[in-house]
Amino acid sequence: MSLPYTMVFTLLMTEMLVFIALILPLPHNWRRGTLKFLSQSPLMGQVQHIMKIVFVGVFILFVDSVNRVAKVEEVSEHSHHHHDHMAQSNVAARRFYAQRNMYLTGFTLFLSLILNRTFFMILDLLQSEEKMETIRNEASVQSKEYERALDSETKLKKEVKELSDIVSTHASAKRDLDNLKKQAKQQQEEYVRLADANTEMEKKLQGVELKNLEGKKDI
């Protein structure tokens, strides 16, 4: 195997190991911490830039291997018509290497796309989980604040009811006081009337007594 395809094979093995590491059931905190570190690391940007260049190189090798397979098929048909066994063996070997290189580069490209998509999908999922956790915490805080508001409202309603009872009690006491004042005024007026009547009666009695005394003197 030539050096470029050896490098492609090494890249394929590395991608397989990374893909297995991504799909392993690791603890959630470990996975989140690792992916968060990789996504925020400045080294990750350089690695992605290098991987794009490597991806282009692998794509060029894939196109070249496809062309080689097509050429080998043409040579195979030509040698098959001439019944040259040595040529057919050579063509079969060339076909094998050409197809091996095509499958190797093709699988590498395919796994690169899957790995890239899987990494960003997991990263988006973790970010969504973080947002959901933040929303849940905010909802929990708001729920506690709402419960405190309800408790405050209940206390206020209770205080308002107590004040209303006090006000109604005061109003009843005020009515009773007004009634007492009216009764006292009526009694006072009645007392004044009786006093005036008593005074008139005394005056009348004094007048009668004076008349009796005058009558006795005349006798």
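Quick note: structure is the one above.
The following refers to the structure shown. Bear in mind that the values here come from a model prediction, so they are computed numbers and not experimental data.

Criteria and cut-off values
Residues numbered from 1 in each chain as written. Predicted model: local features only at pLDDT ≥ 70, side-chain atom pairs only at ≥ 80, totals over all residues. Heavy atoms only, no water. Core = buried A, V, L, I, M, F, W, Y, C linked by side-chain atoms within 4.5 Å. Buried < 20%, exposed > 50% of the residue type's maximum accessible area, 1.4 Å probe, protein only. Helix = DSSP H or I, 4+ residues; strand = E, 2+ residues; numbered from the N terminus. Contact = heavy atoms within 4.5 Å. Salt bridge = Lys/Arg side-chain N within 4 Å of Asp/Glu carboxyl O.

1. Details of the nonpolar core
Okay, step 1: Residues Y5, V8, L11, L12, V58, L61, L104, L109 and L111 constitute the largest nonpolar core, which totals nine residues.
Okay, step 2: Put simply, the parts of the chain that give this core at least two residues each are α1 (3-23), α3 (42-82) and α4 (85-218).
Okay, step 3: Those residues in contact with L61, other than ones at most four positions away along the chain, are P4, Y5, V8 and T105.
Okay, step 4: Counting seven residues, the second largest nonpolar core, distinct from the first, contains F119, I122, L123 and L126.

2. Topic: the environment of I23
Okay, step 1: Assignment of secondary structure puts I23 in helix α1.
Okay, step 2: A relative accessible area of 51% means that I23 is categorised as exposed.
Okay, step 3: Spatially, the C-alpha atoms of I23 and F119 are 9.8 Å apart, while their sequence positions differ by 96 residues.

3. Details of the pattern of salt bridges
Oppositely charged side chains are able to pair whenever their charged atoms sit close together.
Okay, step 1: Overall, the coordinates contain three salt bridges when judged by the stated rule.
Okay, step 2: Across the pair D64 and R68 runs a salt bridge whose closest N-O atoms are separated by 2.9 Å. Here R68 and D64 lie together in helix α3, a separation of four residues that amounts to about one turn.
Okay, step 3: On the basis of relative accessible area, D64 is assigned to the partly exposed category, the value being 29%.

That is the geometry; function is a separate question.
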